[in-house]
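Per-entry structural report
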Amino acid sequence: MTELTILGIESSCDDSAAAVLREDGAGARVLSSVVRGQAELHEAFGGVVPEIAARAHAEVLDHCVEAALSEAGLGLADLDGIAVTAGPGLIGGVLSGVMLAKGLSAATGLPLIGVNHLAGHALTPRLTDGLEFPYLLLLVSGGHCQFLMVEDEATFRRLGGTIDDAPGEAFDKTARLLGLPQPGGPAVEAEAREGDAGRIRLPRPLLDRPGCDMSFSGLKTALLRARDAEMAEAGGLTRAARADLAAGFQQAVVEILTEKTRRALALYLEAAPERPAFAVAGGVAANGPIRAALQGLCAEAGVAFSAPPLALCTDNAAMIAFAGLARLRAGEADGLDLSARPRWPLDAAAAPMIGSGRKGAKA
Amino acid sequence: MTPILAIDTSAAHCAAALRLEGRVPARVEPMAKGQAERLMPFLEDLLADEGLGWRDLAAIGVGCGPGNFTGLRIGVSAARGLALGLGIPAVGVSGFEAAAHGLPRPLTVALPAPRAHLWTQRLTGDGAEPPALLAAAEAGEVVHGPDAEALVRAIAEIAALRAATPQPRPAPLYVRPADAAPPRDPAPVLIG
């Protein structure tokens, strides 16, 4: 296998990132991976503000590229291609990344490779754990939640996904409702350790329906009602009630994800993969109880479980470089007229789940 | 310093100028959308018509606005990528400076802003007051200034003057902070 070195650029949400990856006969190695987060810019607003994110990306991304090259000890002349997230995501940020990559590609003559952000997540288990096709992936983050059967570098079959919000978003909202800090995931998880998950029963939307689709929007509303009921009774939110609410919420998410994963695994195993494997990616995969429940489920089903290390599980540019490398090896590249796409489903054949309107499916 | 490529996508167009020895060919393509797809091929065409390639460039000038936020980021990001890739300076030039190029100062420049407003800035001898956003009705008499083609030529000229000394990286001039409101749900009152 010829040695190829590729730059990756990522800017689809609130992380500006650049990475250098090299692949030769011995496999692919991340030579550098720089991520500049924007958490403090968005903190006061209780969620990612698209215009604030776009402004930051436009002035940070080229610095990330320079830092990634410098950490790898390489120059642009040592590269064989430039991969960039071309969607889906917050369009202002995606545009900044795509235009920066076009400028770099025009200037150097290196091939420009537009990458689907979701493909980056979906292929990461091959980079980190060498999983063989086909494997089942649960991508679960602040912006996404879907089951993908990854059949090869370019074929992803969606078995189901959220019909409204992503769980990461629900964790953030829960943290706000309970007066916990952002990002909500770690804060709710820590609070839940102090609580009784059984005292406040929250609904498990769509769990009574067949299939692998999920819903988290109603869970947020139910949590708000349960909190208000607790507060009305006690004249405020007690520490104990806050912990119980956090625990009850987390338990609901664990049960929804576990049951839907059980069904997705059954569908996946129908394809009789030789070495069945399941991977979970995305920021929510960092949640201990969720990870433990999925791991237990896989052990029961005789399916290998893998979860990439957190740095490659949350948004990063190494995964974009890795997914771009597959396209580069396949002889594919994009022109300087490459479009940035806010919506770009990985599995174009599947029925749209979210935003089936004029602009096409979001996910 | 030549050749210098100037780029402007601050309004509903792709505009470019090429500062060569003794002349500055420029072109403007109006478009309501699609700047991100069109900009690079548009610039390549301009270069090719002069028998030039990207690697012949000595510096890049880019219009930083104020103007359409997305358009500003398209131009600035492309300019920063080109500058990094070519190892040449990129110079950000505001729309106020471009419109006032070659005119006696002090001078107040007004640029069209959305919803019947104007971006304004008073340019003095060698400095400038902070830019502002003003309702068009409050602006008094406004003299029509240079068109998009003249503006992008001015960006090329100003970039040529500045490129010899170290410049900060181009950054969009937004004037207005991002529209963002704190969350609607207030934090609960904790007791006990």
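Residues numbered from 1 in each chain as written. Chains lettered and ligands numbered in written order. Predicted model: local features only at pLDDT ≥ 70, side-chain atom pairs only at ≥ 80, totals over all residues. Heavy atoms only, no water.

1. Structural notes on the overall build of chain A
Defined as follows: Secondary structure elements follow DSSP: runs of H or I of four or more residues count as helices, runs of E of two or more count as strands, with numbering from the N terminus. Only C-alpha atoms enter the radius of gyration, while the globule expectation follows 2.2 Å times N to the 0.38, with N the number of residues. In what follows, a contact means two residues having at least one pair of non-hydrogen atoms within 4.5 Å. Here the open area of atoms and residues is found with the Shrake-Rupley method and a 1.4 Å probe, where only the protein chains shown may cover a residue. Only four residue types enter the tally: Lys and Arg on the positive side, Asp and Glu on the negative side; His and the chain ends are excluded. For charged residues, the charge sits on one atom: NZ in Lys, CZ in Arg, CG in Asp, CD in Glu.
Along chain A, the regular secondary structure elements total 11 helices and 11 strands. Relative to its length of 363 residues, chain A is compact, with a C-alpha radius of gyration of 21 Å against a globular reference of 21 Å. Principal axes of the C-alpha set define a box for chain A whose edges measure 65 × 50 × 40 Å. The long-range fraction of contacts in chain A, counting pairs at least 24 apart against all pairs at least 6 apart in sequence, stands at 71%. Of the accessible surface of chain A, which amounts to about 13,300 Å², a share of 51% is contributed by carbon and sulfur atoms. Averaged over its 32 positive side-chain charges, chain A has a centre that lies 6 Å from the centre of its 44 negative ones.

2. Observations regarding the packing of aromatic side chains
Any aromatic ring pair is given by two values, namely how distant the centres are and how the planes are angled relative to each other. So the rule is basically this: Paired rings are identified among Phe, Tyr and Trp, the last through its six-membered ring, by centres lying within 6.5 Å, and are further divided according to the angle between planes into stacked (under 30 degrees), edge-to-face (over 60) and tilted (the rest). To sit over a ring, a charge needs its Lys NZ or Arg CZ within 6 Å of the ring centre and within 35 degrees of the ring normal.
As enumerated under the stated definition, the model contains four aromatic pairs over all chains in all. The interplanar angle of 85° and the centroid separation of 4.9 Å between the aromatic rings of A:Phe171 and A:Phe249 together place this pair among those described as edge-to-face. Of this pair, A:Phe171 sits in helix α5 (residues 167–177) while A:Phe249 sits in helix α8 (residues 239–269), and the two are 78 residues apart along the sequence. One residue, A:Arg55, lies across the ring of B:Phe69, its end atom 4.8 Å from the ring centre.

3. Re the interface of chain A and chain B
Short version of the rule: Buried area counts how much accessible surface, traced with a 1.4 Å probe, disappears from two parts once they are put together, with both parts' losses summed. In the sections that follow, a salt bridge refers to a side-chain nitrogen of Lys or Arg positioned within 4 Å of a carboxyl oxygen of Asp or Glu. Two N or O atoms form a polar contact when they lie within 3.5 Å of each other; inside protein one atom must be a possible hydrogen donor and the other a possible acceptor, and for residues adjacent in sequence the pair counts only when both atoms belong to side chains. Put simply, Ala, Val, Leu, Ile, Met, Phe, Trp, Tyr, Cys and Pro go in the nonpolar bin, Asp, Glu, Lys and Arg in the charged bin, and everything else, Gly too, in the polar bin. The rule for pairing is simple: two strands pair if DSSP sees at least two bridges between them.
Taken residue by residue, the interface counts 46 residues in chain A and 40 residues in chain B. A combined buried area of about 3,500 Å² lies between chain A and chain B, and 62% of that area is made up of carbon and sulfur atoms. The interface formed by chain A and chain B includes four salt bridges. At the boundary of chain A with chain B, the tally comes to 13 residue pairs in polar contact (both at pLDDT 80 or more). Taken together, the elements giving at least two residues each to the side of chain A that touches chain B come down to α2 (50–72), α3 (91–108), α5, α7 (217–234), β9 (237–238) and α8 of chain A. Among the elements that make up the side of chain A that touches chain B, the one with the highest residue count is α3(A) (11 residues). Considered class by class, the residues forming the side of chain A that touches chain B number 22 nonpolar, 12 polar and 12 charged. With two bridges connecting them, β9(A) and strand β9 (residues 190–191) of chain B associate as parallel partners. Bridge assignment links A:Leu237 to a residue of β9(B), and that residue is B:Leu190.

4. With respect to the pairing of strand β4 (residues 81–87) of chain A
All names here are of chain A. We count it as follows: Partly exposed residues are those whose accessible area sits between 20% and 50% of the maximum for their type, while under 20% is buried and over 50% is exposed, using a 1.4 Å probe and protein chains only.
The element β4 is largely enclosed, with a buried count of seven among its seven residues. Here strand β1 (residues 4–10) pairs with β4 via four bridges, running parallel. Among the inter-strand pairings, Ile-6 is bridged to a residue of β4, identified as Gly-81. The sheet contact formed by β4 and strand β5 (residues 112–116) spans five bridges and is parallel. Counted as the bridge partner of Thr-85 is Val-115 from β5.

5. Concerning the packing of α8(A) against helix α9 (residues 288–301) of chain A
Residue and element names in this part refer to chain A. Where we set the bar: Axis angles are defined between N-to-C directions and span 0 to 180 degrees, where every axis is a line fitted to C-alpha atoms and, for a helix, only to the segment in contact. Orientation labels follow simple angle bins: below 35 degrees gives roughly parallel, above 145 gives roughly antiparallel, 65 to 115 gives roughly perpendicular, and whatever is left gives oblique. Take the far helix as your reference; a near helix turned counterclockwise from it by less than a right angle gives a left-handed crossing, and one turned clockwise gives a right-handed crossing.
Axis separation between α8 and α9 bottoms out at 9 Å; the angle between their running directions is 30°. One finds that α8 runs roughly parallel with respect to α9. The element α8 and its partner α9 pack so that their crossing is right-handed. On α9, the residues touching Gln-250, Val-253, Val-254, Leu-257, Thr-258, Thr-261, Arg-262 and Leu-265 of α8 are Pro-289, Ile-290, Ala-293, Leu-294, Leu-297, Cys-298, Glu-300 and Ala-301.

6. What about the side chain of A:Asp24?
Residues and elements named next belong to chain A. Within the secondary structure, Asp-24 is located in strand β2 (residues 15–24). Separated by 2.9 Å, the side chain of Asp-24 and the backbone nitrogen of Ala-26 make a polar contact. Sequence-distant contacts of Asp-24, that is, excluding residues within four places in its chain, are made with Met-1, Thr-2, Glu-3 and Arg-29.

7. Notes on the UniProt feature "domain: Gcp-like" (unreviewed entry) in chain A
Selection rule: UniProt positions are given in the numbering used here, feature names are shortened, and annotations may be inferred rather than shown by experiment.
The sites that carry the UniProt feature "domain: Gcp-like" (unreviewed entry) are, in the present numbering, residues 30–322 of chain A. Here residues 30–322 of chain A runs as 51% helix and 17% strand, with 9 Å between its end C-alpha atoms.

8. Section: the environment of A:Ala340
Its place among the elements puts A:Ala340 in the segment after α11 (318–329). For A:Ala340, a relative accessible area of 14% translates into the label buried. Measuring from C-alpha to C-alpha, the distance between A:Ala340 and A:Ala86 comes to 4.8 Å, with 254 residues separating the pair along the chain. Sequence-distant contacts of A:Ala340, that is, excluding residues within four places in its chain, are made with A:Ala86, A:Ile91, A:Val94, A:Leu95, A:Val98 and B:Glu37.

9. Focus: the sheet that holds strand β6 (residues 135–140) of chain A
Residue and element names in this part refer to chain A. Across the sheet, which stays open at both edges, the five strands sit in the order β8-β7-β6-β10-β11 with mixed pairing between neighbours. What marks the edges here is a single partner per strand, and that holds for β8 (155–161) and β11 (304–306). Ignoring which end each strand starts from, the neighbouring axes of this sheet average 20° apart. The pairing of strand β7 (residues 145–152) with β8 spans six bridges and is classified as antiparallel.

10. Things to note about the sheet that holds β5(A)
In a beta sheet, neighbouring strands are held together by backbone hydrogen bonds and run either parallel or antiparallel to one another. All names here are of chain A. Pairing is mixed across the open sheet formed by five strands, whose spatial order is β3-β2-β1-β4-β5. Across the chains shown, the open sheet's two edge strands, defined by having one partner strand only, are β3 (27–37) and β5. This sheet shows a mean twist of 20° between the axes of neighbouring strands, independent of strand direction. The sheet contact formed by β2 and β3 spans 10 bridges and is antiparallel. Counted as the bridge partner of Arg-22 is Arg-29 from β3. Sheet strands touched by α11: β1, β2, β3, β4 and β5. Its angle to β1, the strand with the most contacts, is close to 130°.

11. What about the UniProt feature "binding site: Fe cation" (unreviewed entry) in chain A?
Residues and elements named next belong to chain A. UniProt tags His-117, His-121 and Asp-315 as "binding site: Fe cation" (unreviewed entry). Spatial clustering of the annotated residues is evident: they stretch over 199 residues in sequence, but the largest pairwise C-alpha distance comes to 8.8 Å. Relative to the elements of secondary structure, His-121 occurs in helix α4 (residues 117–129). Not counting the four nearest positions on each side in its chain, His-121 is found in contact with Leu-137, Leu-139, Ala-281, Cys-313, Thr-314, Asp-315 and Met-319. Tracing the backbone shows Asp-315 in the loop between α10 (310–313) and α11.

12. Observations regarding the domain arrangement of chain A
All names here are of chain A. As a reminder of what qualifies: The domain boundaries here were taken from an automatic or database domain assignment.
Partitioning chain A into structural domains gives domain 1 (4–122 + 314–361) and domain 2 (133–311). One C-alpha centre belongs to domain 1, the other to domain 2, and the line joining them spans 26 Å. Between domain 1 and domain 2, the residue contacts involve 19 residues of the former and 23 residues of the latter. Both faces considered, domain 1 and domain 2 share a buried interface measuring about 1,700 Å² in area, 62% of it formed by carbon and sulfur atoms. Across the domain 1-domain 2 interface, the total number found is three residue pairs in polar contact (both at pLDDT 80 or more). Per-element tally for the side of domain 1 that touches domain 2: the top contributor is α4, with five residues. Broken down by class, the residue content of the side of domain 1 that touches domain 2 amounts to 11 nonpolar, six polar and two charged.

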